[in-house]
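Close look at the chain arrangement
As a plain string of letters, each chain reads:
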Amino acid sequence: MERVDITQYKDIWVFAEQRQGKITPVVIELLGEGRKLADVKGIKLNAILLGKDVENLAQELISYGAEKVYLADDELLENYTTDGYSKVIVDAIGQIKPEIVLVGATNIGRDLAPRIASRLNTGLTADCTKLEIDEEDGKIKQTRPAFGGNIMATIICPDNRPQMSTVRPGVMDKALKDETRTGEVVKLNIDLKESDIRTKVLEIVKSAHEKVSLTDANIIVSAGKGLGTPDGFELIKQLADKLGGVVGSSRAAVDAGWIDRSHQVGQTGVTVKPNVYIACGISGAIQHLAGMKDSDIIVAINKDADAPIFNVADYGIVGDLYKVIPEIIEAIDSVAK
Ligand SMILES: Cc1cc2nc3c(=O)[nH]c(=O)nc-3n(C[C@H](O)[C@H](O)[C@H](O)COP(=O)(O)OP(=O)(O)OC[C@H]3O[C@@H](n4cnc5c(N)ncnc54)[C@H](O)[C@@H]3O)c2cc1C
């Protein structure tokens, strides 16, 4: 395999995914994490932004800490296509040579990053949950859950560049916004023709499902198989509404068809870090814990005192959720009065 001169590669790039002119939330997390890594290495944190009429988003990226924004603004980039986006990014990486490229592990990011990595003959670690700089050699150590979450694998990319990771949404701390920050917008020369893009986007349809924003919620009331019946989610919703929170679930409840998959917390669902996570009738399987164990406060309600959820819970109530939750709701109401 062709060897690259790795000393030519500098700076961190964050792929600034946008949809319909809005920055995807994971980008703010990547800028938060990217800033820490860039500071440890003493290098720049930059972003690459693609789209049509998206120049206005560059300032937003700068206010979240990007020093330079490489902008590819073109009609052909209006909608995400694998061909169009990978060509433009591969060309830009070839010219400017970033050392590290971070991409959010969204549906788009998971599609895009492997294409880029294979065209550049470089390494990619998917769905990372932790990134660090090796103090000795300055390389990035990329950690991700493997084998169903039972093993955490730390992976390095020693000889090829850029070092690429997709990063799981909801895991990293968000960058803080500071509108006084200034930065540079660098317009990329784009060499892209319509015939380069084999996909034609006919229409973009928003899901008709009820929208749940678990990653943004401060309070999540989650329930699992312990509900016994799908109707149990009505009680969970009542408690969530009282607390101004949203409803989450275990995979077992999703698999049983009790609730839509968009509510699922865990390794194959969403990773969440709310201020308060209330787990009702959830046993606490490792794959569920993988998605919520970093919540600030965890409350568990379970009738089995030996359920593993109690190992991570800050507060635990051993009891039948159908007795406990109505009492909590009553207590909230009496305080509210
Ligand atoms: C590759 C892989 C990926 C996975 N990804 C995920 C994932 O993303 N998210 C996820 O959640 N799971 C995931 N799982 C499944 C996971 O292993 C568990 O099967 C699942 O989390 C169990 O869900 P549960 O806790 O709701 O159900 P159970 O394990 O059946 O637990 C039900 C709990 O409810 C309690 N209970 C019963 N009745 C009551 C009552 N009346 N009051 C109070 N408590 C009661 C019981 O004591 C028990 O602890 C994955 C599994 C694999 C193999």
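Let me sum up the structure you'll find in this document. (Residues numbered from 1 in each chain as written. Predicted model: local features only at pLDDT ≥ 70, side-chain atom pairs only at ≥ 80, totals over all residues. Heavy atoms only, no water.)

**Notes on the overall build of the protein**
Of regular secondary structure, the protein possesses nine helices and 17 strands. Taken over the C-alpha trace, the protein has a radius of gyration of 22 Å; the compact-globule value for 337 residues is 20 Å, and the two agree within 12%. Dimensions of the protein along its principal axes, counting C-alpha atoms only, are 65 × 45 × 40 Å. Sequence-distant contacts in the protein: of pairs separated by 6 or more residues, those separated by 24 or more amount to 64%. By element, 48% of the accessible surface of the protein is carried by carbon and sulfur atoms, the whole surface being about 16,900 Å². The distance from the centre of the 40 positive side-chain charges to the centre of the 50 negative ones in the protein is 2 Å. (Helix = DSSP H or I, 4+ residues; strand = E, 2+ residues; numbered from the N terminus. Rg over C-alpha atoms; globule rule 2.2 N^0.38 Å. Contact = heavy atoms within 4.5 Å. Areas by Shrake-Rupley, 256 points an atom, 1.4 Å probe, with all protein chains shown as cover. Lys, Arg positive; Asp, Glu negative; His and termini not counted. Charge placed at Lys NZ, Arg CZ, Asp CG, Glu CD.)

**Description of the packing of helix α3 (residues 82-96) against helix α4 (residues 107-120)**
Geometry of a packed helix pair, given as the angle between the helix axes and the separation of the axes. As a packed pair, α3 and α4 sit with axes 9 Å apart at the nearest point and diverge in direction by 45°. Regarding the angle of α3 to α4, the classification is oblique. Taken as a pair, α3 and α4 cross one another with a handedness that is right-handed. Contacts from T82, D83, Y85, S86, K87, I89, V90 and I93 of α3 reach α4 at D111, L112, R115, I116, R119 and L120. Split by residue class, the contact of α3 with α4 holds seven nonpolar, two polar and five charged. (Axes fitted to C-alpha atoms, helices over the stretch in contact; angles between N-to-C directions. Parallel < 35°, antiparallel > 145°, perpendicular 65-115°, else oblique. Left-handed = near helix turned anticlockwise from the far one by under 90°. Nonpolar A, V, L, I, M, F, W, Y, C, P; charged D, E, K, R; others polar.)

**Quick look at unusual backbone geometry**
Outside of glycine, negative phi angles account for most residues, and trans bonds account for most peptide bonds. In this chain, R161 is followed by P162 through a cis amide linkage whose omega measures -5°. Summarising the element assignment, P162 is placed in the loop between β10 (151-155) and β11 (163-167). Located in the positive-phi region is D11, a residue other than glycine, with phi close to 75°. The phi angle at D127 is positive, at roughly 60°, despite the residue not being glycine. With respect to the helices and strands, the residue D127 is situated in strand β7 (residues 124-128).

**As for the site of the ligand**
Around the ligand lies a shell of 24 residues, among which S250, T268, S283, Q287 and N302 are the nearest. Residue G226 places a main-chain N or O atom 3.2 Å away from a nitrogen atom belonging to the ligand. L321 places a main-chain nitrogen or oxygen 2.9 Å from a nitrogen atom of the ligand. The protein chains hide 74% of the 1,000 Å² of surface that the ligand would expose on its own. Across the shell around the ligand, the residue classes tally to five nonpolar, 14 polar and five charged. (Near = heavy atom within 4 Å. Polar contact = N/O pair within 3.5 Å; in protein donor to acceptor, adjacent residues only side chain to side chain.)

**Examining the nonpolar core**
Core analysis: the biggest nonpolar cluster contains 34 residues, and I12, L31, L49, L61, V69, L102 and L131 have the highest contact counts within it. Mapped onto this core, the elements with two or more residues apiece are β1 (12-15), α1 (25-41), β4 (45-51), α2 (55-63), β5 (68-73), β6 (100-104) and β8 (130-133). No other element matches the seven residues that α1 contributes to this core. When near neighbours in sequence (up to four residues on either side) are disregarded, L61 contacts A16, I23, V27, L31, A47, L49, A66 and V69. If you look at the next biggest cluster of nonpolar residues, it comprises 26 residues, including W13, A113, A117 and L120. (Core = buried A, V, L, I, M, F, W, Y, C linked by side-chain atoms within 4.5 Å. Buried < 20%, exposed > 50% of the residue type's maximum accessible area, 1.4 Å probe, protein only.)

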